[in-house]
Amino acid sequence: MRLLAGAIVLATAGVACAAQPFNLASDPRIDPTKFRVTTFASGLQFTTGVERLSDGSMLVAISEPNVGGSFYASTGKLLRLTDNNLDGVADNAGTYLNTGLPGSIVQMRMAGDILVVNSANPAVSKISFLRQGATPSSPFTNLGSIDLDFPDAGAHMHDTYALAIRPGPAGNQHEVYFNVGSRNNNTNNATQVPASGLLTANLNPESIYRMTMTDTGSSVSLSGLQQLASGLRNAAGIAFHPTTGDLWFQDNGIDGVSDEPTSVDEMNKIAAAQIGTSVPNFGFAGDYIQYRTGTRIGSGGVQPVHTFQPIPQPSGSESEGATEIAFAPANFPAGLNDGFFVGFHGKFSTAGVTNEENPLRYYDPTTNTSFEFIPNNANVGHLNNIFATEDSLFVSDFNTLGPVFSTTPSGALYQITAYPQPFGDADRNGFIDGDDYFRIDVGYSRGSFGWDNGDFNMDGVINGDDYHIIDTAYAAAPPAPASAVPEPAGGLLLCVGILASCRRNAKARSRMTG
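The rules behind each value
Residues numbered from 1 in each chain as written. Predicted model: local features only at pLDDT ≥ 70, side-chain atom pairs only at ≥ 80, totals over all residues. Heavy atoms only, no water. Helix = DSSP H or I, 4+ residues; strand = E, 2+ residues; numbered from the N terminus. Buried < 20%, exposed > 50% of the residue type's maximum accessible area, 1.4 Å probe, protein only. Contact = heavy atoms within 4.5 Å. Areas by Shrake-Rupley, 256 points an atom, 1.4 Å probe, with all protein chains shown as cover. Pairing = 2+ DSSP bridges. Axes fitted to C-alpha atoms, helices over the stretch in contact; angles between N-to-C directions. 1 Å grid on protein atoms, 1.4 Å probe; cavity = no way out; pocket = protein on both sides within 12 Å on 5 of 7 lines; lining within 4 Å. Points joined across faces, edges and corners; volume = space filled by probe spheres on them. Patch = residues over 30% accessible without salt bridge, like charges linked within 9 Å, V, L, I, M, F, W, Y side chains within 5 Å. Salt bridge = Lys/Arg side-chain N within 4 Å of Asp/Glu carboxyl O. Core = buried A, V, L, I, M, F, W, Y, C linked by side-chain atoms within 4.5 Å. Phe/Tyr/Trp six-rings, centres within 6.5 Å; stacked < 30°, edge-to-face > 60°. Lys NZ or Arg CZ within 6 Å of the ring centre and 35° of its normal. Polar contact = N/O pair within 3.5 Å; in protein donor to acceptor, adjacent residues only side chain to side chain.

So, about the overall build of the protein chain. Counting secondary structure elements, the protein chain contains four helices and 28 strands. Relative to its 514 residues, the protein chain shows a buried fraction of 56%. If you take every contact in the protein chain between residues at least 6 apart in sequence, the share linking residues at least 24 apart comes to 58%. Looking at the protein chain as shown, the accessible area adds up to about 19,700 Å², and 54% of this sits on carbon and sulfur atoms.

Okay, the sheet that holds strand β25 (residues 369-374) next. Pairing between the strands of a sheet comes from backbone hydrogen bonds, and it takes one of two forms, parallel or antiparallel. Taken in spatial order, the four strands make up an open sheet running β22-β23-β24-β25, and their pairing is antiparallel. Sheet topology places β22 (322-327) and β25 at the edges, where each strand pairs with a single neighbour. On average, each strand axis in the sheet is inclined to that of its neighbour by 30°, with strand direction left out of account. Where strand β23 (residues 340-344) and strand β24 (residues 360-364) come together, four bridges link them in antiparallel fashion. By the bridge assignment for β24, Val342 is matched with Arg361.

The next subject is empty space enclosed by the protein. For the coordinates displayed, the defined rule picks out one cavity of 30 Å³ or more. If you add up the space inside the largest cavity, you get close to 140 Å³.

Taken together, the side chains of Tyr72, Phe348 and Phe405 define a hydrophobic patch exposed on the protein surface, amounting to about 320 Å² of accessible area. Within the fold, Phe405 resides in the loop between β27 (392-397) and β28 (411-418).

On to the pattern of salt bridges. For the structure on display, the rule yields 17 salt bridges. Two residues, Asp255 and Arg233, come together in a salt bridge whose shortest N-O distance is 3.4 Å. Note that Asp255 is positioned in the loop between β17 (247-251) and β18 (266-270) and Arg233 in the loop between β15 (220-229) and β16 (238-240), a separation of 22 residues in sequence. Overall, Asp255 belongs to the partly exposed group, its relative accessible area being 41%. Judged by its relative accessible area of 2%, Arg233 is buried. Through salt bridges with shared partners, one network takes in Arg166, Glu175 and Arg210.

Here the focus is the sheet that holds strand β3 (residues 58-65). Ordered in space as β2-β3-β4-β5, the four strands form an open sheet in which the pairing is antiparallel. The open sheet is flanked by β2 (47-52) and β5 (95-102), the only strands paired with a single partner. With strand direction ignored, the average angle separating the axes of adjacent strands in the sheet is 25°. In this sheet, strand β4 (residues 74-81) lies alongside β3 in antiparallel orientation, the contact comprising eight bridges. In the strand pairing of β4, Val60 is matched with Leu79.

What follows is about the nonpolar core. Judged by nonpolar contacts, the single largest core of 26 residues is most densely connected at Phe373 and Ile416. When residues of this core are traced back to their parent elements, those giving at least two are β1 (35-44), β24, β25, β27 and β28. With four residues, β28 is the single largest residue contributor to this core. What Ile416 contacts, discounting residues up to four positions off in sequence, is Phe22, Leu24, Phe35, Arg36, Val37, Phe332, Phe373, Ile374, Asp391, Ser392, Leu393 and Val395. Phe150, Ile165, Val180 and Leu199 belong to the second largest nonpolar core, which has 24 residues in total.

Below, the discussion takes up the packing of aromatic side chains. A full pass over the atoms with the stated rule returns 28 aromatic pairs. Both rings, one in Phe327 and one in Phe340, keep their centres 4.9 Å apart while their planes meet at 70°; by these two values the pair is edge-to-face. Within this pair, whereas Phe327 is found in strand β22, its partner Phe340 is found in strand β23, the two being separated by 13 residues in sequence. Through a chain of ring-to-ring contacts, three or more aromatic side chains come together here, namely Phe35, Phe332, Phe341, Tyr362, Phe371 and Phe373. Above the ring of Tyr96, the side-chain terminus of Lys77 is found at 4.9 Å from the ring centroid.

With that settled, consider the environment of Glu175. Note that Glu175 resides in strand β11 (residues 173-180). When its relative accessible area of 12% is taken as the criterion, Glu175 is described as buried. Considering only alpha carbons, one finds Glu175 and Met211, 36 residues apart in sequence, at a separation of 5.7 Å. Ignoring anything within four residues of it in the chain, the contact list for Glu175 reads Ala164, Ile165, Arg166, Pro167, Gly168, Arg210, Met211 and Thr212. A distance of 2.7 Å separates a polar atom in the side chain of Glu175 from a polar atom in the side chain of Arg166. There is a polar contact of 2.6 Å between the side chain of Glu175 and the side chain of Tyr177.

Once that is clear, we can look at the layout of surface pockets. As a volume, the largest pocket reaches approximately 1,000 Å³. Lining the largest pocket are 46 residues; nearest its centre among them are His158, Asn234, Asn252, His345 and Phe348. Elements with a contribution of two residues or more to the lining of the largest pocket: β6 (105-111) and β22. The biggest single contributor to the lining of the largest pocket is β22, with three residues.

With that settled, the discussion passes to the pairing of β4. Counted residue by residue, β4 has seven buried out of eight residues, so it is predominantly covered. Note: β4 against β5, five bridges, orientation antiparallel. If you follow Leu79 over to β5, its bridge partner there is Tyr96.

Such coordinate-based values are descriptive only and should not be taken to indicate function.
In structure tokens form, the structure reads like this:
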């Protein structure tokens, strides 16, 4: 009953003040009434990595093309965006905290007070380490970098894209995980990649590595470099399962001819207990799963856990060029909160319906199935980067118009937020009662915002739409159990809340809507 009531409320009251940038996929496992979808920011230059700062503001990686340049000839910047009224739209154009970083930023991760930034520049790729400032609005301080000198520069097909962080053995340590891509599309090449700067080593391509970062308070040091996996064409997305600690990562399939890949993009896993005990080979380039048919070609490699075949297989909606992965927000609805999301770049330099390979898919480990969450026909460019909070998924659109060789600022950041359930339950105790009416009354009188204060459609203001939501939900909900009935003081609030709501709703409709 509550679920149905919530759907009615949203349909009649209007969910968000801003236009929704796209519809979620039409799949029975997705109830669009449970989500708010907004464009958090737009008109950005090549938008990639996302992190959340300590005050709740968002940090976004920007690669601004140099004069006559493109994404591959750009300068890196860190943009801080705020959303003080929690309406899913940034308050303004934001503030650049840093502007002179290496360009071609692909991913970034926070490791305590240290921001790790991965730049896949064709000349010299870098993994940079920057210390957070005294406040969230302070610039980061550059502590140095690992410089990766890929053979033949741009001729090396895949550089380093992926980053993952987890706590290390000591309190001032973190483990940093990164990949080194393949030089070739469909053949192996063992030529090592020299690393210098904060780390001196020769790295094997087609691999995943980890190292330990120690923060001394004034600098960082790197130690314990270890290869964890081989036989990977381009493991551009790495993440740890939040409960099991298993290491999950994708791998890009082999390009074919006429826009038809030879092998399918895949998901792989190393169990937590097996991380670092050996160097498993995942099959590139001689052992792979054929695109569309699902036929295994070759032998000898560790088989993928899941493959991203067309939906339905073999000739349905396509997903190609898997990029960053992120485990689902814990507060997403059941069935969408225990797996992870995978972005797909799709066609190299096109967008919208002409890029028919660029959805955002959700993978469910319990059923070993995946399906589109943002559909292939959405008017987006390249959903390359994903960041999850407790209740939201931030998705970076690299360039909404598609081109990689462009100077037009066309990047965007979307926010997909799950509405708490049931609607109208401001104190989140599972029932709609006098305490919830009290909260919305106080929130309205103080000009507050946010779900906990009664902004149930999360549009940044408490008005008649929110009173309509709580009234409709209260009328449709079953009675609260005796244990949820307020004590005398709460009972008084119940009377006051209901009476106040009855008096106010008629006035609210005329003075607050519009």
